[in-house]
Amino acid sequence: MAKDYYDDMQERSSWRAKTEGQRTKPSRGLIWTIALGIAICVVVIVIWYQFFPALDSKGGEGSKPVVELLPTVEKISDAPEVVPVLAPSAEPPSTPVAGSIADAAVIDTQARSLSDRPAPVRSANSVTIQYADHLVAAGEDLASIAAMYTLKTQTLISVNQIRNIQAIREGVTLKIPDRDGQLYTVREGDMLSTIARKYSPSLGWKTLQEINGLKSENILVGQQLFIPDTSSASTSQLTDVAPIQFQKPASGTITTLFGQPYINPATGTSESITGILLVGNWGSAVVASASGQVVDAGYEVKGRGRFVVLSHEGGYRTSYYHLENVEVRIGMTLSKGETIGSIGTSGTSYDRPTLFFSIEQSGIALDPTQFF
């Protein structure tokens, strides 16, 4: 009996061991079922947060609005205004809507008002002359261009060395200085100091040097200098366009250049001369500077003295003052070089025979020395 008991015990123990081993090892199907359930829960949670707004943490009801944060763009003060370009409509509305683009003023970008023209800018730390280029537009002339830049007409004539006013037409480019003045061509024996004294006692050679941006006081014959605050006349682009050529009206020395200050014999006041003074010898002939017709002649006790005025083609006029005697009369047609009279001092208190000679075109005085 004892043996059977022990055998029965052994059999029970082995059976118990098998049963416990089976319980500790779950089946594969169960594991996959659990994993699939977890995955489904995760997907459901993700979908919930993705497509449904979160509840208010305080009230628990309602949804928070989704606010899109865009980068802040700062407006640049000097940036050009961007105007949207609208595609043309096939059938534009017959009545424009108030406040729409149709109500906006039409701006011609090709045409610029006079105030829009850029003027030459003078540096605050330098007195050196500055220039800008101006392309002459249709309908503009020297007077309107000078007014545009608040300059004298004579300044433009001198800086651009204009001989023919009529050559100023659309398409021509002019140099525009930042102040009034004239262009001077250095002659033999000139120095900055003597040039400055000729035009203004208060100018000073150092100022003249700074204005023209010169590194030293040395200047060369033929060099061009800008003389400020004077009037003048006469550029290579327009120099050869003159339809007529002039010659020196008398032999002698030019003592006063165009634009220099001088005492007007008629008024006794100092002003810028609109021609030149030429000193010669008694009895020297004064001739027609170019072919033309005598349009005026006469005598002034104080001022022009005995004078003659000729009219030439191209709108030019030449004047001859302070003659000793006159050999022509109004209406006569003279050839170039034909005698008008002789040099003298009539109408003045000059000690030496002096001829005042001027050239003008369309009422604008030009520098005679640019023509001969």
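Structure report, in brief. (Residues numbered from 1 in each chain as written. Predicted model: local features only at pLDDT ≥ 70, side-chain atom pairs only at ≥ 80, totals over all residues. Heavy atoms only, no water.)

1. Considerations on the overall build of the protein chain
- Looking only at helices and strands, the protein chain has 7 helices and 16 strands in total.
- Looking at the protein chain as shown, the accessible area adds up to about 23,800 Å², and 55% of this sits on carbon and sulfur atoms. (Helix = DSSP H or I, 4+ residues; strand = E, 2+ residues; numbered from the N terminus. Areas by Shrake-Rupley, 256 points an atom, 1.4 Å probe, with all protein chains shown as cover.)

2. A closer look at unusual backbone geometry
- The residue Gln-161 is not glycine, and still its phi comes out positive at about 50 degrees.
- In this fold, Gln-161 is placed in the loop between helix 4 (153–159) and strand 2 (173–177).
- Within the chain, His-322 stands out as a residue other than glycine whose phi angle is a positive 65 degrees.
- Within the secondary structure, His-322 sits in strand 12 (residues 316–326).
- For His-322, a relative accessible area of 3% translates into the label buried. (Buried < 20%, exposed > 50% of the residue type's maximum accessible area, 1.4 Å probe, protein only.)

3. Looking at the environment of Pro-368
- Residue position: Pro-368 is located in the segment after strand 16 (364–366).
- Pro-368 gets classed as buried once you look at its relative accessible area, which sits at 0%.
- Other than its neighbours up to four places away in sequence, Pro-368 contacts Phe-258, Gly-275, Ile-276, Phe-357, Ser-358 and Ile-359. (Contact = heavy atoms within 4.5 Å.)

4. Digging into the packing of aromatic side chains
- Counted by the stated rule, this structure contains 8 aromatic pairs.
- Both rings, one in Tyr-184 and one in Tyr-199, keep their centres 5.8 Å apart while their planes meet at 75 degrees; by these two values the pair is edge-to-face. In this pair, Tyr-184 sits in strand 3 (residues 181–185) while Tyr-199 sits in helix 5 (residues 192–199), placing the two residues 15 residues apart along the sequence.
- Since its relative accessible area comes to 3%, Tyr-184 is described here as buried. (Phe/Tyr/Trp six-rings, centres within 6.5 Å; stacked < 30°, edge-to-face > 60°.)

5. Quick look at a nonpolar patch on the surface
- Judged by side-chain polarity, Leu-30, Ile-34, Ile-38, Val-42 and Val-46 come together as a nonpolar surface patch covering roughly 460 Å² of accessible area.
- Relative to the helices and strands, Ile-34 is located in helix 2 (residues 28–51).
- For Ile-34, a relative accessible area of 49% puts it in the partly exposed group. (Patch = residues over 30% accessible without salt bridge, like charges linked within 9 Å, V, L, I, M, F, W, Y side chains within 5 Å. Salt bridge = Lys/Arg side-chain N within 4 Å of Asp/Glu carboxyl O.)

6. Thoughts on the pattern of salt bridges
- One pass over the structure, following the stated rule, counts 3 salt bridges.
- Its salt-bridge partner being Arg-179, residue Asp-178 comes within 2.7 Å of it at the nearest N-O pair.
- The salt bridge involving Lys-198 is made with Asp-190; its shortest N-O contact spans 3.4 Å.

7. Considering the nonpolar core
- Counting residues in hydrophobic clusters, the biggest one holds 39 residues, and the most contacted among them are Leu-142, Leu-174, Leu-310, Tyr-320, Ile-340 and Leu-355.
- The leading source of residues in this core is helix 3 (residues 142–148), at 4 residues.
- Other than its neighbours up to four places away in sequence, Leu-310 contacts Ala-288, Ala-290, Gln-293, Val-294, Val-295, Tyr-316, Arg-317, Thr-318, Tyr-320, Leu-334 and Ile-340. (Core = buried A, V, L, I, M, F, W, Y, C linked by side-chain atoms within 4.5 Å.)

8. Looking at helix 5
- Within helix 5, burial applies to Leu-192, Thr-194, Ile-195, Ala-196 and Tyr-199.
- Buried residues along helix 5 sit in contact with strand 3, helix 6 (205–211), strand 4 (224–228) and strand 6 (261–263).

9. Regarding the pairing of strand 10 (residues 292–300)
- Relative to strand 13 (residues 333–334), strand 10 runs antiparallel, the two sharing 2 bridges. Note on strand 13: the bridge partner recorded for Gly-292 is Leu-334.
- Looking at chain direction, strand 10 and strand 11 (residues 305–312) are connected through 7 bridges and run antiparallel. Across the sheet, residue Ala-297 finds its bridge partner in strand 11, namely Val-308.
- Hairpin connection of strand 10 to strand 11: 4 residues between the antiparallel strands, including Gly-303 at a positive phi of 135 degrees. (Pairing = 2+ DSSP bridges.)

10. Notes on the side chain of Ser-346
- With respect to the helices and strands, Ser-346 occurs in the loop between strand 14 (339–343) and strand 15 (354–361).
- Ignoring any residue separated from it by four or fewer positions in sequence, one finds Ser-346 in contact with Tyr-299, Gly-303, Arg-304, Gly-305, Arg-306, His-322 and Leu-323.

11. Focus on the pairing of strand 12
- Examined bridge by bridge, strand 11 and strand 12 share 6 bridges and lie antiparallel to one another. Along strand 12, the bridge assignment pairs Arg-306 with Leu-323.
- From the end of strand 11 to the start of strand 12, which pair antiparallel, there are 3 residues, and Gly-314 there has a positive phi angle of about 80 degrees.
- Where strand 12 lies against strand 15, 6 bridges are found, and the strand directions are antiparallel. Paired with Tyr-316 across the bridge in strand 15 is Gln-361.
- In terms of strand pairing, strand 12 meets strand 14 through 3 bridges, oriented antiparallel. Paired with Leu-323 across the two strands is Ile-343, which belongs to strand 14.

12. Structural notes on the side chain of Asp-190
- Turning to its location among the elements, Asp-190 is positioned in the loop between strand 3 and helix 5.
- Among the polar contacts listed, one links the side chain of Asp-190 to the side chain of Tyr-184, at a separation of 2.4 Å.
- A distance of 2.7 Å separates a polar atom in the side chain of Asp-190 from the backbone nitrogen of Arg-187. (Polar contact = N/O pair within 3.5 Å; in protein donor to acceptor, adjacent residues only side chain to side chain.)

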